[in-house]
Amino acid sequence: MKVRVNGNYMDVKAKTIAELLRELDINPNRVVVEVNLEIIKRDRFNDYEIKEGDSIEIVNFVGGG
Amino acid sequence: MNDPLIIRGIEFKSRLWVGTGKYKSFEETARAIEASGTDVVTVAVRRVNIIDRSKENLLDYIDPKKYKILPNTAGCYTVEEALRYARLAREAGVSDMIKLEVIGDEKTLFPDVCGLLKATEILAKEGFIVFPYTNDDPVTAKRLVDAGAAAVMPLGAPIGSGLGIRNPYNIKIILESVNVPVIVDAGVGTASDVSIAMELGCDAVLVNTAIACAKDPIMMAEALKHACIAGRLAYKAGRIPKKLYASASSPIEGMLT
């Protein structure tokens, strides 16, 4: 399925957010996920199904002032 | 020194607040923060690097159980952007605090105070503890408090400039104008700048570049820790008034005739 993750167009096998994070080797406890501008709570990662063409943002904290 | 700053029920043991940007490594960040004696650090919200997955996470080095995490909305130029970043930051689940930045100009990184007021009002209503990064303008500071700011963070000088407290008189007027803590944010270049802010009566000072870009960040962090304590003590001790003429420290009585 083709989706956009953090600005990159990708073809992914994952069907849910949890699967997508696993596929990208990202620790779900350290990130916040937004799909089409809607924040998806961590307890929905397992159930939330991603769709073709979704724009997904995966963010975390970095150094800043 | 036991002299905590309490904001909305949150106790800050240190009055030196430290940013985590511009360090050479997470390891150096952690050491500088430790040396500064702070218990609150600012962080930014950014995309996870999905290309280089080996990248470590900042929170592996800064324990949110040990340090209060104050996320910022740095890099946001519109109200909508700032709201989006603030909400993402809160979703991380470590803090309801937000250091709100709505930037108005790329060159100076001065705040867009109209946008800042609007965003402060919205986020305060959503239950955020809002720390707006603002100009050293007393009227704006008052408006921000009316909009629900938990504290105000006037700049001493442009972010990363190291120019120090350029308008101490305005900072003093802000201190007299608002009934919330005043935290100088941005502009500090070295230890004396921190002391000046604290001697004015500011409740805390936030520093990033002055530590991170010093030749020896760990040593500078320690210097600023002492400067902050010195300035705070001097403020509480009450300085002498400035006078134009001398007054002798040694007695006249007992002089040989």
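Please refer to the structure higher up on the page.
Residues numbered from 1 in each chain as written. Chains lettered and ligands numbered in written order. Predicted model: local features only at pLDDT ≥ 70, side-chain atom pairs only at ≥ 80, totals over all residues.

Take the pairing of strand β4 (residues 40-47) of chain B next. Of all eight residues making up β4 of chain B, six are buried, and the element is well covered by its neighbours. Bridge count between strand β5 (residues 55-63) of chain A and β4 of chain B: five bridges; the pairing is antiparallel. Residue pairing across strands places Gly-63 of chain A opposite Val-43 of chain B, the latter belonging to β4 of chain B. Strand direction decides the pairing type here: strand β3 (residues 16-19) of chain B and β4 of chain B, joined by two bridges, are parallel. Its bridge partner being in β4 of chain B, Val-18 of chain B is matched across the sheet by Val-41 of chain B. Here β4 of chain B pairs with strand β5 (residues 68-71) of chain B via four bridges, running parallel. Bridging from a neighbouring strand, Val-40 of chain B pairs with Lys-68 of chain B of β5 of chain B. (Buried ≥ 20, exposed ≤ 12 C-beta atoms within 10 Å, placed from the backbone. Helix = DSSP H or I, 4+ residues; strand = E, 2+ residues; numbered from the N terminus. Pairing = 2+ DSSP bridges.)

With that out of the way, let us pick up helix α3 (residues 113-125) of chain B. Residues and elements named next belong to chain B. Taking 1.5 Å per residue, 13 residues should reach 18 Å; α3 reaches 18 Å between its end C-alpha atoms and fits that length. Those residues of α3 lying buried are Val-113, Gly-115, Leu-116, Leu-117, Ala-119, Thr-120 and Leu-123. Those residues of α3 hidden inside the fold are in contact with α2 (79-91), β6 (97-100), β7 (129-134) and α4 (138-146). With its phi angle positive at about 95°, Gly-127 sits one or two positions after the end of α3. (Expected span 1.5 Å × (residues − 1). Contact = placed C-beta atoms within 7 Å.)

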